[in-house]
Amino acid sequence: MFILALLGIACLAGALAWFAWQPIALRESPLDFTIEPGSTMKQVARQVVDAGIDVQPFALVMLARVTRQANWIKAGSYEVEAGLTPLALLAKLTRGDVTQAELALIEGWNFRQFRAALDRHPDLRHDTVGLSDAEILQRLGVTASHPEGLFFPDTYLFARRSSDLDVLRRAYHNQQNLLTREWTRRSEGLPYRDPYEALIMASIVEKETGQAADRPMVASVFVNRLRSGMLLQTDPTVIYGLGADFDGDIKKRDLLADTPYNTYIRRGLPPTPIAMPGTAALRAALNPPVTDYLYFVARGDGSSAFSRNLDEHNRAVARYIRKRQP
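For every chain, the first residue of its written sequence is number 1, and the numbers climb from 1 along that sequence. Given that this is a predicted model, residues contribute local features only at a pLDDT of at least 70 and side-chain atom pairs are listed and counted only at 80 or more, while totals for whole chains, interfaces and linings are drawn from all residues. Note: side-chain values were computed over all heavy atoms of the structure, leaving out hydrogens and water.

### A few points about the pairing of strand β9 (residues 295–298)
The sheet contact formed by β9 and strand β10 (residues 304–307) spans four bridges and is antiparallel. Looking at β10, one finds that Ala 298 is bridged to Ser 304. Only strands that DSSP links by at least two bridges are regarded as paired with each other. Strands here are runs of E lasting at least two residues and helices are runs of H or I lasting at least four, both read from the DSSP assignment and numbered beginning at the N terminus.

Structure, rendered in structure tokens:
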């Protein structure tokens, strides 16, 4: 009886070894499949088979247990090709060798645009759909009451079927880490009470800058205006305050609309950022050059002309704006 048992074990081991090294038939190659979070090894085997990988679930579970890999399978999206063996499949699953997708969140976008990009990405799990902005912040454990400016614009790589909340969580921490680091490197005497006000300024600089080289000079204009008690008079804050009511063409009545973001009629910074600033805009806001500029106007080629007083500014407007008007 003992010998028979040994023979049985040997046969089972031989069969499992043969199974481990045999190429698996795939429904198509390459083949994408997903292992759901929290799956047991039996569930993993079923998900693999359902995806179109022709493998015996029981044998795959046994192989995983014998090789002590059953408890180390990582959730995520995977891609496999013809010639894959069960042993190689398990190695891939335990390494977490997931396929990655990417999403670009652009400097100067507002949170509404961030959400739209997340919502339309086909490789994300859309856990924020139907949630308010406040509910998203709550899910992320963020105590701020307004999401604007809190998320770092960048290209994010993630495993397919990741939650959109995971992407936002990374973007939030990236922005907070950047803000903390750059705040410690700020110039002295800036007219900001705290890092959040610097973030507000950075968002304005981001929206007002057509060329990257102009960011420091634009920041210096707004810092000079804050210091002197002048109105900031920046169109992007007005547009942000109008929200859905803005029709794409800023008018005189828009500049008179009484919103918290209208810097033509309200002094100081608006109550929140108006967009997601990148690194360059934040550094410009925290380390602007020392100038005596108080005005700037777009030249029409993406750059700006800077002026020290109203007379200079009016001449620049006549040169660069009025000549372009029909």
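### Observations concerning the pattern of salt bridges
Where side chains of opposite charge bring their charged atoms close, a pairing between them can arise. A side-chain nitrogen of Lys or Arg and a carboxyl oxygen of Asp or Glu constitute a salt bridge if their distance falls within 4 Å. Counted under the stated rule, the structure contains 17 salt bridges. For Glu 107, the salt bridge goes to Arg 215, with nearest N and O atoms at 3.8 Å. Placement of Glu 107 in the loop between β5 (100–104) and α5 (111–120) and of Arg 215 in helix α9 (residues 215–228) is noted, with a sequence separation of 108 residues between them. You can call Glu 107 partly exposed: its relative accessible area is 40%. Per-residue accessibility, obtained with a 1.4 Å probe over protein chains only, is compared with the maximum for each type, and a residue is labelled buried under 20%, exposed over 50%, and partly exposed between these values. Judged by relative accessible area, Arg 215 falls into the buried class, the value being 13%. Put simply, Arg 169 and Asp 166 hold a salt bridge, and the shortest N to O gap is 3.1 Å. Linking Arg 169 with Asp 166, this pair stays in helix α7 (residues 164–184), spanning three residues, or about one helical turn. For Arg 169, a relative accessible area of 29% corresponds to the partly exposed category. Given the relative accessible area of 37%, Asp 166 is considered partly exposed. Salt bridges sharing partners connect three or more residues here, namely Arg 181, Glu 182, Arg 185 and Arg 283.

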